[in-house]
Amino acid sequence: MSNHGDLGGLCVHQISFGLEHDFAACTEPLARAGVGLTAVWHDKLAKIGAARAARILRDSGVAAVSLCPGGILTQRAETEFRAALERNRRMLADAAEIGAATMVTISGGLDEGERDIRFARDRALEGLTRLVPEARAAGVKLALEPLSPVTCATRGVLTTTALTNDWWEAMDAPDVVGIALDSYAIWWDPGIMDQIARAAGRILNLHLADWRRDTRDLRFDRGMPGDGVIDIPGLIGAVRATGFTGPLEFELFSALDWWQRAPDETVAEIVRRYRTLTEPPA
Ligand code: ZN
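Residues numbered from 1 in each chain as written. Predicted model: local features only at pLDDT ≥ 70, side-chain atom pairs only at ≥ 80, totals over all residues. Heavy atoms only, no water.

**Some words on the overall build of the protein chain**
Helix and strand counts for the protein chain come out as 10 helices and eight strands. Taken over C-alpha atoms, the radius of gyration comes to 18 Å for the protein chain, in line with the 19 Å a tight globule of 282 residues would show. Over its C-alpha atoms, taken along the principal directions, the protein chain stretches across nearly 50 × 45 × 35 Å. Per-residue burial over the protein chain gives 55% buried out of 282 residues. The contacts in the protein chain between residues at least 6 apart in sequence include a share of 78% that link residues at least 24 apart. Total accessible area on the protein chain stands at roughly 12,100 Å², and carbon and sulfur atoms take up 51% of it. Taking the 31 positively charged and 39 negatively charged side chains of the protein chain as two groups, their mean positions are separated by 2 Å. (Helix = DSSP H or I, 4+ residues; strand = E, 2+ residues; numbered from the N terminus. Rg over C-alpha atoms; globule rule 2.2 N^0.38 Å. Buried < 20%, exposed > 50% of the residue type's maximum accessible area, 1.4 Å probe, protein only. Contact = heavy atoms within 4.5 Å. Areas by Shrake-Rupley, 256 points an atom, 1.4 Å probe, with all protein chains shown as cover. Lys, Arg positive; Asp, Glu negative; His and termini not counted. Charge placed at Lys NZ, Arg CZ, Asp CG, Glu CD.)

**Comments concerning the sheet that holds strand β7 (residues 203-208)**
Around the barrel, which closes on itself, the eight strands sit in the order β1-β2-β3-β4-β5-β6-β7-β8 with parallel pairing between neighbours. Along the sheet, successive strands turn relative to each other by an average axial angle of 30°, direction set aside. Along the sheet face, helix α4 (residues 78-97) touches β3 (63-71), β4 (102-106) and β5 (141-144) and points at about 180° away from the line of β3. (Pairing = 2+ DSSP bridges. Axes fitted to C-alpha atoms, helices over the stretch in contact; angles between N-to-C directions.)

**Focus on the packing of aromatic side chains**
Here the structure, examined in full by the defined rule, presents six aromatic pairs. Centre to centre, the rings of W41 and F253 are 5.6 Å apart; their planes meet at 75°, and the pair counts as edge-to-face. Taken as a pair, W41 in strand β2 (residues 37-41) and F253 in the loop between β8 (248-250) and α10 (263-278) lie far apart in primary sequence, 212 residues in all. Residue W41 shares its accessibility class with F253, and that shared class is buried. (Phe/Tyr/Trp six-rings, centres within 6.5 Å; stacked < 30°, edge-to-face > 60°.)

**A short note on the coordination of the zinc ion**
For the zinc ion, the protein coordination sphere consists of E145 (OE), D182 (OD), H207 (ND1) and E251 (OE), at 2.0 to 2.2 Å. Of note is the zinc ion, whose four donor atoms meet at the metal with angles of 78 to 178° in an arrangement that counts as irregular. When the donors of the zinc ion are listed by position in the chain, the intervening gaps give E-x36-D-x24-H-x43-E. Highlighted residues: D182 in strand β6 (residues 177-182) and H207 in strand β7, separated in sequence by 25 residues. As far as burial versus exposure is concerned, D182 and H207 are alike and both buried. (Donors = N, O, S within 2.8 Å, 3.2 Å for Na, K, Ca; no water. Tetrahedral: all angles 85-135°; square planar, octahedral: opposite > 155°, others 65-115°.)

**Thoughts on the packing of helix α5 (residues 117-138) against helix α6 (residues 161-171)**
With their axes 10 Å apart at the nearest point, α5 and α6 run at an angle of 45° to one another. With respect to their mutual orientation, α5 and α6 come out oblique. The chirality of how α5 crosses α6 is right-handed. Residue-level contacts link R121, A124, L125, L128, T129 and V132 of α5 to L163, W167, A170 and M171 of α6. (Parallel < 35°, antiparallel > 145°, perpendicular 65-115°, else oblique. Left-handed = near helix turned anticlockwise from the far one by under 90°.)

**Some remarks on helix α9 (residues 232-241)**
An α-helix turns once every 3.6 residues. As a result, residues three or four positions apart point the same way. Within the span of α9, buried status applies to I232, L235, I236, A238 and V239. Taken end-on, α9 shows its buried residues confined to a sector of 160°, consistent with a single buried face. Of the exposed residues in α9, those oriented more than 90 degrees away from the buried face are P233 and A241. Buried residues belonging to α9 abut β6, α7 (183-186), α8 (192-198), β7, β8 and α10. Downstream of α9 by a residue or two, G243 has a phi angle that is positive, lying close to 105°. (Arc of directions from axis to C-beta.)

**Observations regarding unusual backbone geometry**
The omega angle of the peptide bond from C68 to P69 is -20°, so this bond is cis rather than trans. With respect to the helices, strands and loops of the structure, P69 is situated in strand β3. Positive phi, close to 60°, is recorded for I72, a residue that is not glycine. Tracing the chain through its elements places I72 in the loop between β3 and α4. The partly exposed category is assigned to I72, whose relative accessible area is 26%. Residue D172 is not a glycine yet carries a positive backbone phi of 50°.

Here it is in structure tokens:
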């Protein structure tokens, strides 16, 4: 780890390259750049199947730390809720097959016509709790990820780190449930430092992206760490202080910028930013 130039603590999410590049096209640039860790985007895996995805990873020397995004369990209709649980069970099997330690789970937003956010939150917690035995059997941990309140309606009624800690405690399965924190989702929260401390021992994944002050899209205009308003070193320091030793994961939903560039260019810039974040100040 102390090796100068060592990238062992860097993970790059496949989604950082955009939606159009396929699984192999999201893996090979990492191998070329010496990045050995990725987070797999399930849509990309689903197009080729888990067995082939596992082979591409193995052949490239890139390991999957997690599979994203699981969860999305707020459906009121019983048939749709059951279908969502089934989708998660298949994802857990896929995660196990590619050797991912965690499946990152988001709660889901509000159904069309739904106005009862308390129901949606209870439903998501119920669904996640139902997945516990399946996750345990698969040997894959569930990493609960709060999202920014700006996507509450469509993606995540789990909006704060405090609520995530509450759910973690309610699920009462510390061997198989943890928390994924994403700088882009948590930076605005006045209670964040207390909640990170409360999450000690629970944090499984740390996602990084910056909030551009003049953001042009609330979901798809994430900046590279250093290009926005978030004190990313401060957040990393707080998470490290809890005992977290996992990699720094770059997750760039950037339709307006990085997704328009070649993956090799994006990785090269990520490596530069990673070095800025990890090298001791001169
Ligand atoms: Zn994330």
